[in-house]
Structures are given as C-alpha cells and as structure tokens.
Amino acid sequence: MFFDSHAHYYDEQYNADRNEVLKKVYDSGVKYILSASSDVASAIENISLARQFDFVYAAVGIHPHNVIDADNDFISALADFTAFPKVVAIGEIGLDYFYDNTPREAQKIAFARQICMAVELKLPIIVHDRDAHEDTLAILKNENARKAGGVLHCFSGSVEMAREVLNNNFYISVGGPVTFKNAKKLIDVVKYVPDDRLIIETDCPYLAPEPFRGKRNDSGYISFIAKKIAEIKDRTLDEIAQITTANAKRLFNID
Ligand code: NI
C-alpha cells in the first residue's frame, strides 16, 4: 500500500482519462494521494477530485511560478478552501530561482504570507525549493514554519541541508529523480534521513522515474521510487511502503 504525497491530477495532461488513471492507480496499490495545487483554479479542481474520490486529498497554495498572476486577496481564497476537511496541507509554496517566472522579491513575500497562514490554521506546508536552498531555509526559520511543520517536496539539497530541515520539524520527500543516473547526492540524503521522516511522491504528471523518464507520470510509478529507496536503505519494498505511508498519514493528519 502506497501514499503518493505529491501529485497534480488537475493537470490538463489527464483531461482525456483522469478517472481511468485514478481508478487504475488505486487498484495497483496506491491507497492515498495528495494532489497539490499551483493556483486558485487548480485548488478548486483538486477539491472537486477529493470530493469525488475517497482516497484523494487536496493541498491548496500558490506555486512560485504563479505568484505573478495571483490576485491580491489570494490568502483569503485559500483560507476559505481549508474549511473542506480533505484539504490537509498548504502547498505547493516556495521559491523557484531556476525558472524565475515571478520576480524573487514577490516569490519571497508570497511564500512568507502562506507560511503565516499555515501556522495560524495549524496545517502543514508543502515546500517547493528549486535552486533557492539558502533563501528557503532562511524564510522557513524567520516565519517559524516549524510550528506548522511540513515537507520539502522533491528534495534536491545536500545532506547538510537535510539536517537543517529535519531540525526544523520537517519531513523530506523523495521522488523520481532518485532513480536517475546522476542521483548521487540524493542517494546520500536518502541514506541519511531517519525512517520516521521520509515520505515519497511522484509529482505526476512530471518527473516520471526510470525507466519511464520523459513520459507522462502517474501515481502507479511510485513503486519504482520505493524500490530504489528500498535498495539504498537495504530494506524490503514492503517495509518502505509501510514506513512512508505511516509517515505521510501522520504528517497530514489522516485517520
Ligand atoms: Ni509539484
């Protein structure tokens, strides 16, 4: 049984077969999915999926790419969505200095405001950090994000950064890149992270693991990620499935 802690099922890549894909991945053993949002429109779609499918949960937040297009009152829109009980996190939020779709100052302000809201609402946050490790850590600390807790999704930092993140009450989520050829740094991180702080994700439809790299991803491929982690940590696939599912349920207060 798997928990895919980060997916994007509102994405238009599923428009032709969304319900079939969700049924298929459930039957393949993925018993929990958290669909993360990138803006207000995708939050609405995720909530509708969570209403339709028992095993789908929603996170609501403005992705750094989309901050530039967000209305000024996006915080109150997001806060309203959290009244729905299957909204279990704020995300994904953070900083992206690789694409820089939104000017960095605006990214930082939106990130800080959403952390503040999460602390107030007592919801964990899902953090996107691409080429912005230093500023991400600084803002998490400044805004007291440890009170909300949460996860660094698709973790791409070093072991030193992982240590800081763990010390600040955060989990680390590992996705498809752990199966890629150049994964040495991430493999060291997986070895380092204690069992009770590791969760897994597909980030589908993006970031399909090997041997499907470049194709449309779905939660069914999470077993390839778990299998790689089992190898790295010298565990069975079952153990990794159980550990990461229990961790994600604890983090997102499910059951
Ligand atoms: Ni994502």
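The present account deals with the structure reproduced in this document. Model, not experiment: these values are computed from the prediction.

On to the nonpolar core. Counting 73 residues, the largest nonpolar core has Tyr9, Ile33, Ile125, Leu140 and Ile172 as its most contacted members. If we ignore the near neighbours within four places in the chain, the residues touching Ile125 are Ile90, Ile93, Ile115, Ala118, Leu140, Ala145, Gly149, Gly150, Val151 and Phe170. Counting 15 residues, the second largest nonpolar core, distinct from the first, contains Phe3, Tyr57, Ala248 and Leu251.

Scanning the model with the defined rule gives 9 aromatic pairs in all. On the basis of an interplanar angle of 90 degrees and a centroid distance of 4.9 Å, the ring pair of Phe98 and Tyr99 is categorised as edge-to-face. Taking the relative accessible area as the measure of exposure, Tyr99 reaches 49% and is therefore partly exposed. Ring geometry for Phe212 against Phe224: centres 5.1 Å apart, planes inclined by 85 degrees, an arrangement best described as edge-to-face. In this pair, Phe212 sits in the loop between strand E8 (198-200) and helix H8 (222-233) while Phe224 sits in helix H8, placing the two residues 12 residues apart along the sequence. The class of Phe224 is partly exposed, set by a relative accessible area of 31%. Members of the aromatic cluster, joined through ring pairs, are Phe3, Tyr32 and Phe252. The ring of Tyr57 has Lys86 lying over it, and the distance from NZ or CZ to the ring centre is 4.9 Å. The cationic tip of Arg197 hangs over the ring face of Tyr171; the distance from NZ or CZ to the ring centre is 5.7 Å.

So, about unusual backbone geometry. Trans peptide bonds make up most of the peptide bonds, and negative phi angles are found at most residues other than glycine. Between Gly91 and Glu92 the backbone carries a cis peptide bond, its omega angle lying at 10 degrees. Within the fold, Glu92 resides in strand E4 (residues 87-96). For the bond from Cys204 to Pro205, the omega torsion is 10 degrees, close enough to zero to count as cis. Relative to the assigned elements, Pro205 resides in the loop between E8 and H8. A positive phi angle, near 80 degrees, is found at Asp255, a position not held by glycine. Of note, Asp255 is situated in the segment after helix H9 (237-251). For Asp255, a relative accessible area of 79% gives the class exposed.

Scoring rules and cut-offs
Residues numbered from 1 in each chain as written. Predicted model: local features only at pLDDT ≥ 70, side-chain atom pairs only at ≥ 80, totals over all residues. Heavy atoms only, no water. Core = buried A, V, L, I, M, F, W, Y, C linked by side-chain atoms within 4.5 Å. Buried < 20%, exposed > 50% of the residue type's maximum accessible area, 1.4 Å probe, protein only. Contact = heavy atoms within 4.5 Å. Phe/Tyr/Trp six-rings, centres within 6.5 Å; stacked < 30°, edge-to-face > 60°. Helix = DSSP H or I, 4+ residues; strand = E, 2+ residues; numbered from the N terminus. Lys NZ or Arg CZ within 6 Å of the ring centre and 35° of its normal.

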